[in-house]
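# A closer look at the structure
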Amino acid sequence: MSSTDSSTHTTAPASGSWLIRLILKTAIFFTGLAACGALVVALALALAWPNLPDLSAMTDYKPRVPLRIYTADKVLIGEFGEERRNVMRLDEIPDVMKSAILAAEDDRFYQHSGVDLKGIGRAVLANLASGAKSQGASTITMQVARNFYLSSEKTYTRKFYELLLTFKIESMLSKDQILELYMNQIFLGHRSYGFAAASRAYFGKPLTEITLAEAAMLAGIPRAPSRYNPIANYNEAKRQQVVVLRRMLNLGYITQDEHQAALDQAIEIRTAEGMPAGGYAIHGEYAAELARQLLYGVYKDGIYSRGFNVYTTIDSKQQEAAYRSVRDAVLQYTRRARYPGPEARVNLPANIEQDTEAFSDILAKVQREHPDAGDLLVGVVLSASPTQITVARTADNIITVDNKRALSIVARGLTKNANDKERIDRGAVVYLFNNGDYWEVINMPAVQAAFVSMRPQDGAIQAMVGGFHFSDGKFNRVTQAWRQPGSAFKPFIYAASLEKGLTPETLISDQPFSLTSAQTGSKPWNPKNYGGRYENMLTMRNGLYKSKNMVSIRIMQAVGPKYVQDYIVRFGFDRARQPAVLPLALGAGSVTPLQLATAYSVFANNGYRVQPYLIDHITDGSGKVIMRAKPVVAGDSNARAIDPRTAYVMNHMLRGVATSGTGSRASATLKRNDIGGKTGTTNNSHDAWFAGYTPDIVGIAWLGFDQPRSLGASETGGGLAMPVWIDYMKTALKDVPQKPLGPVPSGLKQIDGNFYFDEFPPGKAILRVGLPSVLDDSLYIEEGAEDSEDGIGRLLEQLERPGDALDPLTTPGLIPF
């Protein structure tokens, strides 16, 4: 017993001390380890903290602001640059947008200190439950740190720096400052940075007008901008919107009624033509692009990030009126033309409409390959018959075309015996247009049109539409399309003759005129009057009113082609494109619509040549004016182009054309007597023109095919181009008072209804012009031509080919600084 007791008493203390020593050693080890860890962390902090970026980029925030183009009345029409931004103060951002982004990204933003431990825990639990990374734990401050300073590479070093920078940002900036930076900086797809830019990019409206449904859709984009933006993938964007709205409801940011109303709201995605992301109030794409080209010629690539604001001479109301007028005319012509058939065809399996996701994918692919063209909307035919066409725009947007007038346009494609190319049936890809009364199926127009207007007093361009749709190659037909002007050129021939002694009452032969191959040096030339109608003799005035070709030819013959060529240069025409040959009398040279507008401005402003210009002034990012236009103004003696008497007489005659001649529809429709103008239709109706003006504005309208071909045997400038001009002028001339011609200039007398220059009084003025008894080849063949290949025949063949492009940067006057 004693030995056992003794043994027990000696071993117990030894066993207890060993356990204590183990615990102590373990504690010391972990304490040392913690101390080492703390030392390492402290050392890392000591080394890393000083190397963290200075926050001046945030406190003195100067983002890369793009080039912006505005109208004269400050409406945005273009934006160019790698990053599109609209920087807003936090108090300018709607509360609904702030609530949506807080619900979507960081609802505890105002409670945590940059790192949300509760959010991390919630994300971990959610990810464990789903078996995948379904939630993240980045706070708004972390995203700001990453966006301003750090890359998105997934390394421990980068994450460590992100945490440190997050704490530094939180220590130096207020929560409101951080949220403001985030709202302006975050990338949201389609080159849009910040929610203000994204609102314009996807919905075509300023952020201040955003709805709850739209705000929730934008708030769902930051997690995956390339996937969740509504242009790239509307269905994914819609699903994210639902998630954000549910989150806002659960957090108490919105009521149940507001939640349901937002879910029910139809979202309209609106992007501006000519750019991947935009949303402009008016269609000024051609003017904006031309302004960009002009500025690029001065500043090169620097224009895209320095925040330049370019204020053009464009009037926003007139620009939109021009756009609508051009589109209406083109669509009206397209309706009359033969329907060519669907744009394409896709395979639509039976009952695919019941599988919303699969059907949406098919429609999305179609829309990528055949994008909308303004208000021409692409869709896929679900069913078609002679009485009804059903077309799907989206899985839940089905449009029915059943108006008899609309169906008549495409009736050829709805018959049982329609050929394969023209047939409209299930799977056909078509364009839809809502004309205000009903939907119609209409093909993408093949014909093109252009319109330009300018102030004749100083050359300021008021409106410019270079084609039916800007994204179709961006070819600006106002400045780049060289076309034959046809009869719209005749007034300049007439003006030349006035300074040679002809008067408005000079009698001129309207009998047929021809030249043999021996006279032309090539093929015979047998010009004709429109409609094949001829009269014996006509006054110059009536010849202009009726646009008689024979009269114009004989006027040019009388004064001499070389004199005419020299004279018309005064109006701004290119001498090389206006050869000194008789066909020039019929507009066989080449002009651009802008050049023709410049020329007619000389009549409108009583004889002065002003240069067209587009840019009024430019400011830098701080609002300082760095460039301002200095245009030549009518009245400047150095700008005098033609005799004021010539201008007066031509205005008198051209007003007669617009009241009693081929342009009479213009004055009758607008109920004005101060309109001057001239129609123009080229050989075989390749080009249709109307050039018209008042003392306040000049407008030129053109229609034709880019590769010249006939518009139709009965198509004319009066029927095709004049309606464009009239529709535009309804807006441009609204509330503009009429202006009389004014007093007769010195040196001009009006006697018995005729006008006489003092140097050509009655008795000396030319009374009659007819065919000379002996033909002089110098009247018909361009100076310098020596053999048959250089005669009129070859010239006409050359003029029928498409002209080359006009480089707007070398066009005088567009940017007169």
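Residues numbered from 1 in each chain as written. Predicted model: local features only at pLDDT ≥ 70, side-chain atom pairs only at ≥ 80, totals over all residues. Heavy atoms only, no water.

## Structural notes on the overall build of the protein
Looking only at helices and strands, one finds 28 helices and 23 strands in the protein. A total of 817 residues make up the protein; the buried ones form 52% of that total. (Helix = DSSP H or I, 4+ residues; strand = E, 2+ residues; numbered from the N terminus. Buried < 20%, exposed > 50% of the residue type's maximum accessible area, 1.4 Å probe, protein only.)

## Re the sheet that holds strand β15 (residues 537-539)
An order of β15-β14-β23 is seen for the three strands of this open sheet, with the pairing classed as mixed. Looking along the sheet, the strands with just one partner apiece sit at the ends: β15 and β23 (768-769). As paired elements, strand β14 (residues 507-509) and β23 share two bridges and run parallel to each other. Within β23, the position partnered with Leu-507 by the bridge is Arg-768. Contacts between helix α21 (residues 549-559) and the sheet are confined to β14, β15 and β23, with β14 contributing the most and set at about 105 degrees to the helix. (Pairing = 2+ DSSP bridges. Contact = heavy atoms within 4.5 Å. Axes fitted to C-alpha atoms, helices over the stretch in contact; angles between N-to-C directions.)

## Section: the nonpolar core
Residues Phe-492, Phe-571, Tyr-600 and Phe-603 are the most contacted members of the largest nonpolar core, which totals 87 residues. Here this core gets eight residues from one element, more than from any other, and that element is helix α23 (residues 593-604). Setting aside residues up to four positions removed in sequence, Phe-492 forms contacts with Tyr-567, Ile-568, Phe-571, Phe-573, Leu-596, Ala-599, Tyr-600 and Phe-603. Counting 51 residues, the second-largest nonpolar core is a separate cluster that includes Phe-359, Leu-382, Val-724 and Trp-725. (Core = buried A, V, L, I, M, F, W, Y, C linked by side-chain atoms within 4.5 Å.)

## Remarks on helix α3 (residues 95-105)
Across the 11 residues that make up α3, a large majority, eight, are buried. Turning to α3, its buried residues are Met-97, Lys-98, Ala-100, Ile-101, Leu-102, Ala-103, Ala-104 and Glu-105.

## Digging into the environment of Phe-571
In this structure, Phe-571 sits in the loop between α22 (561-568) and α23. For the pair Phe-571 and Ile-642, spaced 71 residues apart in sequence, the C-alpha separation works out to 8.3 Å. If we skip the residues at most four places from it in the chain, Phe-571 touches Phe-492, Ala-495, Thr-598, Ala-599, Val-602, Phe-603, Arg-609 and Ile-642.

## Here's the deal with the sheet that holds strand β18 (residues 676-681)
Taken together, the five strands give an open sheet; going across it, the order is β13-β12-β20-β19-β18, and neighbouring strands pair in antiparallel fashion. The open sheet is flanked by β13 (461-465) and β18, the only strands paired with a single partner. Sheet twist, expressed as the mean angle between neighbouring strand axes with direction ignored, is 5 degrees. As paired elements, strand β19 (residues 687-693) and strand β20 (residues 698-704) share seven bridges and run antiparallel to each other. Pairing of Trp-689 across the sheet is with Trp-702, part of β20. Contacts between helix α24 (residues 644-660) and the sheet are confined to β18 and β19, with β18 contributing the most and set at about 65 degrees to the helix.

## Topic: the packing of α3 against helix α7 (residues 175-185)
Between α3 and α7, the least distance of the axes is 12 Å, while the angle of their chain directions is 90 degrees. Relative to α7, the element α3 is oriented roughly perpendicular. Of α7, the residues touching α3 (which contributes Met-97, Lys-98, Ile-101, Leu-102 and Glu-105) are Leu-179, Tyr-182 and Met-183. By residue class, the composition of the contact of α3 with α7 is six nonpolar, no polar and two charged. (Parallel < 35°, antiparallel > 145°, perpendicular 65-115°, else oblique. Nonpolar A, V, L, I, M, F, W, Y, C, P; charged D, E, K, R; others polar.)

## Observations regarding the pattern of salt bridges
Taken as a whole and judged by the stated rule, the model has 40 salt bridges. With a closest N to O distance of 2.7 Å, Arg-247 and Asp-107 form a salt bridge. Separated by 140 residues along the polypeptide, Arg-247 in helix α11 (residues 234-250) and Asp-107 in the loop between α3 and α4 (117-130) bring together distant segments of the chain. Residue Arg-335 is joined to Glu-440 by a salt bridge in which the shortest nitrogen-to-oxygen separation is 2.6 Å. With Arg-335 in helix α14 (residues 316-336) and Glu-440 in strand β11 (residues 439-441), this pair connects stretches of sequence that are 105 residues apart. Taking the relative accessible area as the measure of exposure, Glu-440 reaches 1% and is therefore buried. Overlapping salt bridges bring together Glu-320, Arg-324, Arg-327 and Asp-375 as one network. (Salt bridge = Lys/Arg side-chain N within 4 Å of Asp/Glu carboxyl O.)

## Here we look at the confidence of the model for the protein
Per-residue confidence for the protein averages 84 on the pLDDT scale, and 82% of its residues sit at or above 70. Taken as a whole, residues 1-12 scores under 50 in pLDDT and shows zero contacts with residues more than four places along the chain or in a different chain. (pLDDT = per-residue confidence, 0-100.)

## Some thoughts on the packing of aromatic side chains
Counted under the stated rule, the structure contains 21 aromatic pairs. For the ring pair Tyr-600 and Tyr-693, a centre distance of 6.3 Å and an interplane angle of 45 degrees mean the geometry is tilted. Remark: Tyr-693 occurs in strand β19 and Tyr-600 occurs in helix α23; sequence separation between them is 93 residues. Tyr-693 matches Tyr-600 in its accessibility class, with the two residues each being buried. Here a set of aromatic residues connected by ring pairs shows up, and it is made of Phe-489, Phe-492, Tyr-563, Tyr-567, Phe-571, Phe-573, Tyr-600, Phe-603 and Tyr-693. Geometry around Phe-80 places Arg-292 over its ring, the cationic atom sitting 5.9 Å from the centre. The ring of Phe-705 has Arg-709 lying over it, and the distance from NZ or CZ to the ring centre is 3.6 Å. (Phe/Tyr/Trp six-rings, centres within 6.5 Å; stacked < 30°, edge-to-face > 60°. Lys NZ or Arg CZ within 6 Å of the ring centre and 35° of its normal.)

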